[in-house]
Amino acid sequence: MFKTLKKSFEIDIVSAFNSFVYALTHNKLLKGIFTGNYYQKKGLKTFIRYLSLVLSFLRLVAFRIFYFGIIIYLLYLLKRTSCFKEVFLALTIVGMCLNTDTLKSGIKKYYNVILLGMDANKYSCAYIIYSFIRDILLNTLVMLTFNSILHLDIVTILLISLISVSIKVIGEYLNILYYKKYNKKVITSTFLVTTVLIIVGIILLLIVLLKVKIPFLFLFIGSIISLGLAILSFIKISKEDKLPFFFKQINSQSVIMAQESKNMTTREMAVEIRKKDYHIDPRKLKNKHGYNYFNTIFFERHKAILQRSALHFTFFIGVVIIGAIILILFSDNYAKEIGDGIIKFLPALLIIMYFINRGSIITEAMFINCDHFMLSFNFYREPKVILNLFKERLKIVTKVNLLPALVLGGGLITILILSTNPLSIMEYILLFIAVIAISVFFSVHYLVIYYLLQPYDVNLRMKSISYSIVSFLTYFVCYESTHYHFAPLNFSLMVIIAAALYIIIALILVYKRAYLTFKLR
Amino acid sequence: MKLVVENLTKDYGDNRVLDDVNFTFEEGKIYGLIGRNGAGKTTFFNCLNEDIEKTSGDIYLEKEIRFPLKSKDIGYVIATPKVPEFLTGREFLQFFLDINEDKIKDLKSIDEYLKMVRLSKEDGDKLMKDYSHGMKNKMQLLINFIDNKDVLLLDEPLTSLDVVVSEEMKTLLKKKKKEHIIIFSTHILELALSLCDEIVIINNKKLELVEKKNLNTTKYKNKIINALKDEKDV
């Protein structure tokens, strides 16, 4: 069993070493400095071995200090640091049910058990023993670190640590039993997760409200019982015939690959075509031709993230505006406050429109579901095609984003007219145009940076630092503008002129450069 | 029509993958491009297709006059088929036919095109997101066949197809070769021998024609394998 653990650690260290050397030799900034073959250097290997051990130990300690620190800090705020051991043990129940290791899929398990053929039972048991010892030591160490606040005696600390790690082992077995019966993990059952969280929540509330204290004797007996059950669970796990089969199911190549690209999968899920959008009303495609046909289908199949999402925002804005109007009609005080508030925080329109605009998610959908595939066809990369598609896309994206903007602009004007802040007709008109200009600006902006800085590579990874910087700057400018105050007329004029200039320059750039920049990295 | 490669060199950093490659491909022939793993077949295709920048050298298409080869002259079927998954097969074909209707000779109906690659009407109405690897490959091949570019680059295109479709594709390729230059990259020597008119190996960073002359298949096969072996293997 320990040979298995040793082998597994050796693989971890070799993997850490190889990743380090790969990063060193493939880093563009260090290009030319580290060019040799370092994979067989013994001295470097030993250094990385120790470095990786120290780093993983520090990582574990840091995480535990953070976890304990948060609990203690919250208890300190509630003036209940004396309830620490009870709260900690209650939280352990959450860990027992929802955070077990044996049935967690992972690349390490895939390599060791599936690829290299280690025994799944031995592997699991070795890790349980390792985690058991490691967690007792770390919990004790960290609790001692915080003991100037906790005031616990060393025996109590040891007993709490023992109970918490024993409960974790019991949890491992209970999870295997659940998987055996229902062929799914506890964590995937919404009912169980919610139940556990509600029960533990109630227990925590009672502990804090009633200052519940576990007597030492209970703690002592509890530790003996939990240790006994943990040993029993451990024996059961070591003999569980089905465990190798579960390992294969949970750590299959496809599962691991999906997990490895979790970020990508999350992004893909965000732009996934909903089943109800598969069917398109044939009337919508009647008389559509070429790029128009292609784009109509694209946007119809992505209704969920574009049209429907814009409608939801529009509805939400509508509700807020109607609410504000009712308040204004109900009381003059509210009318003044709301009117003054809007005038004072006009620049906040930028950040509101930033969040409402669908430009960012739709360009992501364009790449993941469409351009990523289409750019492998030469006909799709012709300058004429790129510009035609850009124009069609810009029309639709702008149109969809205009709906919430129209409601927001119209609503703002209505509120201002009804409130006690009379502006001139010109100011109302310009403010309305400014809202529309911001909406068009964002529609153009996201599409233009997508075409000019096409940020993804063939594997859908974000590769452009410029794109990240521009995205960050967009957010930063919108956010920072909320700190400034402008007269309505000045604000509207500034926004309209800036948006118009930006749109003109951006479109010229796309027309001149997009055929060079819009390609797979 | 000829595809002329002159002094083509491609480096990745310090690593030279193609070194002063000179070769002429002729119309009416299917060239089997064979090389060992990592020999540079895909790099060669990517250079032709302008997917990567070549370090030096020139690539021309020679008809009545000689002009630089551009990606618009090439149909490129990549090993991992990529088709827009938000469309059905039928919608994809419809779109493609719409935008190329003035260029396509002998325009057929969508069902006829689907039939060419043995895709049923029902398959045509499925989102390509739900297609198998082989079905996606068929769509990719079909689009490139309809597109009818002067040069057709095929990177391991038949390996994921079932035997029936694979045979039909081979027949289609043989028909296509008359007015095209087809370069077909594969690791399967038997496939190359059964389909291709010439075998070109990529070895020691260069392209080299393996002449058949009067050799029978077995001897020719051995000659190709020997040509691909380097000193370490001997």
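Provided above is the structure to which this section pertains.
Residue numbers restart at each chain and count upward from 1, following the sequence in its written direction. Both sets of labels track the order of writing: A upward for chains, 1 upward for ligands. Totals for whole chains, interfaces and linings use every residue, but because this is a predicted model, local features are given only for residues with pLDDT of at least 70 and side-chain atom pairs only at 80 or more, for both listing and counting. To obtain the side-chain values, all non-hydrogen atoms of the structure were used and water was disregarded.

**What to know about the interface of chain A and chain B**
Note the cut-off: Only heavy atoms matter for contacts: two residues are in contact if any of them lie within 4.5 Å across the pair. Buried area: the accessible surface (1.4 Å probe) lost by two parts on joining, summed over both. The working definition used for a salt bridge is a side-chain nitrogen of Lys or Arg within 4 Å of a carboxyl oxygen of Asp or Glu. Each helix is a run of H or I in the DSSP string that is no shorter than four residues. Each strand is a run of E no shorter than two, and both are numbered from the N terminus. Gly is put with the polar residues, along with every residue not named as nonpolar or charged; the nonpolar set is Ala, Val, Leu, Ile, Met, Phe, Trp, Tyr, Cys and Pro, and the charged set is Asp, Glu, Lys and Arg.
The interface is formed by 26 residues belonging to chain A together with 30 residues belonging to chain B. Summed over both sides, the interface of chain A with chain B buries roughly 2400 Å², with 63% coming from carbon and sulfur. Of all residues in chain A, the largest losses of buried area upon contact with chain B belong to Phe-377, Asn-378 and Phe-379 of chain A, amounting jointly to 24% of the total for that side. Note that Arg-381 of chain A is salt-bridged to Asp-51 of chain B, the shortest N-O span being 2.7 Å. At the level of elements, helix H14 (290-301) and helix H18 (359-374) of chain A are the ones that each hand at least two residues to the side of chain A that touches chain B. At 7 residues, H14 of chain A tops the list of elements feeding residues into the side of chain A that touches chain B. Looking at the side of chain A that touches chain B residue by residue, the classes come out as 14 nonpolar, 7 polar and 5 charged.

**A closer look at the packing of aromatic side chains**
Where we set the bar: Planes of paired rings set the category: under 30 degrees apart is stacked, over 60 is edge-to-face and the rest tilted, where pairs are Phe, Tyr or Trp rings (Trp by its six-membered ring) whose centres lie within 6.5 Å. With a 1.4 Å probe rolled over the protein chains alone, any residue whose accessible area is under 20% of its type maximum counts as buried; one over 50% counts as exposed, and the rest are partly exposed. Throughout this description, the term charge over a ring refers to an Arg CZ or Lys NZ atom that lies within 6 Å of the ring centre and within 35 degrees of the ring normal.
Enumeration over the complete set of coordinates arrives at 40 aromatic pairs over all chains. Taking 5.1 Å as the distance between ring centres and 65° as the angle between the ring planes, the aromatic pair formed by Phe-441 of chain A and Phe-442 of chain A counts as edge-to-face. Phe-442 of chain A shares its class with Phe-441 of chain A; the two are buried. Relative to Phe-25 of chain B, the ring of Phe-23 of chain B lies with its centre 4.7 Å away and its plane at 45°, an arrangement referred to as tilted. Residue Phe-23 of chain B shares its accessibility class with Phe-25 of chain B, and that shared class is buried. The rings of Tyr-291, Phe-294, Phe-298, Phe-299, Phe-377, Phe-379 and Tyr-380 of chain A together with Phe-86, Phe-92, Phe-95 and Phe-96 of chain B are connected pair by pair, giving a single aromatic cluster. Lying across the ring of Tyr-12 of chain B, Lys-10 of chain B places its NZ or CZ 5.0 Å from the centre.

**Here we look at helix H5 (residues 120-145) of chain A**
As a reminder of what qualifies: Here the expected span of a helix is defined as 1.5 Å times the quantity of residues minus one. Pairing of N or O atoms within 3.5 Å defines a polar contact, subject to two protein rules: one partner must be a possible hydrogen donor and the other a possible acceptor, and residues neighboring in sequence count only if both atoms are side-chain atoms.
With 26 residues, H5 of chain A should reach 38 Å at 1.5 Å per residue; the first-to-last C-alpha distance of 36 Å fits that figure. A side-chain oxygen of the first residue of H5 of chain A lies 2.9 Å from the backbone nitrogen of Asn-121 of chain A; this N-cap is Asp-119 of chain A.

**Let's talk about the pairing of strand E4 (residues 56-62) of chain B**
All names here are of chain B. The cut-off we apply is this: Should DSSP find at least two bridges between two strands, the strands are regarded as paired.
With 6 bridges joining them, strand E1 (residues 2-12) and E4 adopt antiparallel strand pairing. Bridge pairing links Val-5 to Ile-59 in E4. Taking the residues between adjacent antiparallel strands as the criterion, E4 and strand E5 (residues 66-68) are bridged by 3 residues.

**A short note on the environment of Thr-140 of chain A**
All names here are of chain A. For Thr-140, the location among the structural elements is in helix H5. Since its relative accessible area comes to 10%, Thr-140 is described here as buried. In sequence terms Thr-140 and Leu-158 are 18 residues apart; their C-alpha atoms lie 6.3 Å from each other. Beyond its immediate chain neighbours, meaning those up to four positions away, Thr-140 contacts Ile-157, Leu-158 and Ser-161.

**A few points about the nonpolar core**
The condition is simple: The nonpolar core is taken to be a set of buried Ala, Val, Leu, Ile, Met, Phe, Trp, Tyr and Cys residues, with the residues joined through side-chain atoms within 4.5 Å.
Core analysis: the biggest nonpolar cluster contains 95 residues, and Tyr-380 of chain A together with Phe-92 of chain B have the highest contact counts within it. Tallying contributions element by element places helix H19 (residues 383-418) of chain A first for this core, with 9 residues. In this structure Tyr-380 of chain A touches Phe-294, Cys-370, Asp-371, Met-374, Leu-375, Val-385, Ile-386, Leu-389 and Arg-393 of chain A, once residues within four positions along its chain are discounted. With 38 residues, the next largest nonpolar core counts Ala-405, Ile-413, Leu-423 and Ile-436 of chain A among its residues.

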